[in-house]
Amino acid sequence: MSEIASLKELLAQPKQIVITTHHKPDGDAMGSSLGLYNYLVQKGHHVRVITPTDYPTFLQWLPNNPEVLIYTDKKTESESLVANAELIFCLDFNALSRINELGKYVGESKALKVMIDHHLEPEGFDDYRHWTINACATAQLVYDFIVNIMDERHFINKDVATCLYTGIMTDSGSFRFPTTTAEVHHIVADLINCGAENSRIHQLVYDNFSESRLRFLGHCLINRLEVFTEYNSALITVTKDDLQKFQITTGDTEGIVNYALSINGIRLAALVIERPDRVKLSLRSTGDFPANEICKKYFNGGGHRNAAGGFSDKKIEAVVEEIKSILPEYKTLLIQ
Ligand code: 5GP
Ligand code: MN
C-alpha cells in the first residue's frame, strides 16, 4: 500500500482516470463520485464516472451528471475505459463484489486503484486508500482529500461543493446521525461558502418523488408494516406485485425503512423487498445495536452498525420468517 499523499505528484500531470462506485448508487456514491470528477477535470485530467447500474432520478440533476456512463447500458465502452485507465478511484465501497460484473474488469485492470471509503473491513484490492469508518460520508473523505491531502481547496467550486454537500447530506440522514460531528458541520459550512445552495439541494433530493411513490409509502405504512413490540422491532415487507402496482423505479424504496425506525421505542427496523432476481434486505438500528452483524451472519451482506443490507435467494415468505426467528437471539440487546 502506498501513501495517499504521493498521489499529489502523480496527479500533477494529466491522467486517464475512471471513477466508479457501488451498484444502485445512493446520494453519497453519486455525490462523492461527481464531486471528485468536477475536481479532477479542473486539473486537466481525462475523467469518466462509471456506475455499475442505474440510479434514482432524484440524483440525476447533479452537476455534470450527463457525463456518467452506466455500465449496464454501455458495457464495451466501460470495459475499454477501465482497461486503459491509469488510475481508478473506487468510491464508497471496499469490496469488488459491490460493483457487480464491473468488479472483474477493475480487478484485472493494470490501473492504480485508489479507494476512498467509510465502510468496515476493506477487502484490499487497492493500491492507495483514504479510509476511515469515522467519516459520515465518502463525500466527507473526498473533501478531506482535496483540501488536506492535495492542499487544493481553491478547486472546490460551486459544482464540487454541490456534489459533496449532497453526499454528506444524504449519508448523514440530513445531518442527524451520530457521525455528524462538529467537524462535519464545519465542512458543510465551508461547502456552502464555496457555492452549495443548501435549501435548493434539499428540495431537489427530497421533494422530487412521483405521486405514485407517495401512495406506495402510504400502502407500506398501512398494509405492509408489522411491529413486534416485545422486541422493539418493526418490519415492512414489499412484494413484487406492490412494486409493479405502484410502478416503483430505482430509488423509490430508499428511505422507507426509516419510517419504521421512527416509531417510539423501535431499535431495529427492517425492509424486505421482493426484487425480480432476489429478496433484498435493508436494516436500520439505533444506538449500538449491530444491524450489520445480522446482515453478515444471515443475509450475505454487511454495512454499518446502524445501516446495513443484504440479500437472500429464498422466497420472500421464508425470509420474513427467518427475520422473525432471529429476533429472540437479539432480545437482550433490543430491549435495553
Ligand atoms: P441499503 O439498506 O440502503 O441498501 O444499504 C445500507 C448500507 O448497507 C449500505 O450503505 C451498505 O453499506 C450496506 N449494504 C447494503 N447492501 C449490502 C450488501 O449486499 N452487502 C454488503 N456488504 N453491504 C451492504
Ligand atoms: Mn456512503
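What you see is a predicted model; the values in this text were computed from it and never measured.

> Which residues make up the coordination of the manganese ion (ligand 2), and what are the values?
Every protein donor of the manganese ion (ligand 2) is listed here as Asp28 (OD), Asp92 (OD), His118 (NE2) and Asp171 (OD), and their distances to the metal cover 2.2 to 2.4 Å. Within one chain, the residues serving as donors to the manganese ion (ligand 2) are arranged as D-x63-D-x25-H-x52-D. Taken together, the positions of Asp28 in helix H2 (residues 27–42) and Asp171 in helix H6 (residues 158–171) put the pair 143 residues apart, joining distant regions of the chain. For the pair shown, Asp28 and Asp171 are each scored as buried.

> Which residues make up the packing of helix H5 (residues 138–149) against H6, and what values do they have?
In contact at an axis separation of 8 Å, H5 and H6 are set at 140° when each is read in the N-to-C sense. It follows that H5 is oblique to H6 by the angle criterion. Facing Ala139, Gln140, Val142, Tyr143 and Ile146 of H5, the residues of H6 in contact are Val160, Leu164, Gly167 and Ile168.

> Explain unusual backbone geometry to me, using residue names and the numbers behind them.
Its identity as a non-glycine residue notwithstanding, Asn64 has a phi of 70°, on the positive side. Within the secondary structure, Asn64 sits in the loop between strand E2 (46–51) and strand E3 (68–70). Take Asn64: its relative accessible area is 31%, and that puts it in the partly exposed class.

> Talk me through the pattern of salt bridges; I want residue IDs and the actual numbers.
A complete count under the given rule lists 18 salt bridges for this structure. One salt bridge connects Arg224 with Asp242, and the closest N-O pair in it is separated by 2.8 Å. On the criterion of sequence distance, the pair formed by Arg224 in the loop between helix H9 (211–223) and strand E7 (225–228) and Asp242 in helix H10 (residues 240–245) is long-range, its members being 18 residues apart. For Asp242, a relative accessible area of 4% gives the class buried. Notably, a salt bridge pairs Lys324 with Glu321, separated by 3.8 Å at the nearest N-O pair. Of this pair, Lys324 and Glu321 both sit in helix H13 (residues 316–326), three residues apart, roughly one helical turn. Its relative accessible area of 26% is what places Lys324 among the partly exposed residues. Taking the relative accessible area as the measure of exposure, Glu321 reaches 47% and is therefore partly exposed.

> Before we move on, could you go through the site of ligand 1 and cite the residues and values that matter?
Residues in contact with ligand 1 amount to 13 residues; listed here are only the nearest, His119, Ser282, Arg284, Ala308 and Gly309. One of the side-chain N or O atoms of Lys280 is found 3.3 Å from an oxygen atom in ligand 1. In this structure, Arg284 approaches ligand 1 through a side-chain N or O atom, which is 2.9 Å from an oxygen atom. Across the complex, the protein chains shield 74% of the 500 Å² of accessible surface that ligand 1 would expose by itself. Elements supplying a minimum of two residues to the shell around ligand 1: strand E10 (279–285), strand E11 (302–303) and strand E12 (307–312). Per-element tally for the shell around ligand 1: the top contributor is E12, with four residues. A class-by-class count of the residues in the shell around ligand 1 yields two nonpolar, eight polar and three charged.

> Tell me about the domain arrangement of the protein chain, and please be specific about residues and values.
Per the domain assignment, the segments of the protein chain are domain 1 (4–206) and domain 2 (211–334). In this complex, domain 1 contributes 10 residues to the contact, which on the side of domain 2 involves seven residues. Of the roughly 720 Å² buried between domain 1 and domain 2 on both sides combined, carbon and sulfur atoms contribute 53%. Summed over the three residues of domain 1 that lose the most area to domain 2, namely Pro56, Phe58 and Leu120, the buried surface amounts to 39% of that side. Viewed at the interface, domain 2 and domain 1 are joined by one salt bridge. Lys296 serves as the salt-bridge partner of Glu121, at 3.0 Å between the closest nitrogen and oxygen. For the side of domain 1 that touches domain 2, the per-class residue count stands at four nonpolar, two polar and four charged.

The rules behind each value
Residues numbered from 1 in each chain as written. Chains lettered and ligands numbered in written order. Predicted model: local features only at pLDDT ≥ 70, side-chain atom pairs only at ≥ 80, totals over all residues. Heavy atoms only, no water. Donors = N, O, S within 2.8 Å, 3.2 Å for Na, K, Ca; no water. Helix = DSSP H or I, 4+ residues; strand = E, 2+ residues; numbered from the N terminus. Buried < 20%, exposed > 50% of the residue type's maximum accessible area, 1.4 Å probe, protein only. Axes fitted to C-alpha atoms, helices over the stretch in contact; angles between N-to-C directions. Parallel < 35°, antiparallel > 145°, perpendicular 65-115°, else oblique. Contact = heavy atoms within 4.5 Å. Salt bridge = Lys/Arg side-chain N within 4 Å of Asp/Glu carboxyl O. Near = heavy atom within 4 Å. Polar contact = N/O pair within 3.5 Å; in protein donor to acceptor, adjacent residues only side chain to side chain. Areas by Shrake-Rupley, 256 points an atom, 1.4 Å probe, with all protein chains shown as cover. Nonpolar A, V, L, I, M, F, W, Y, C, P; charged D, E, K, R; others polar. Domains from an automatic or database assignment. Buried area = accessible area lost by both parts, 1.4 Å probe.

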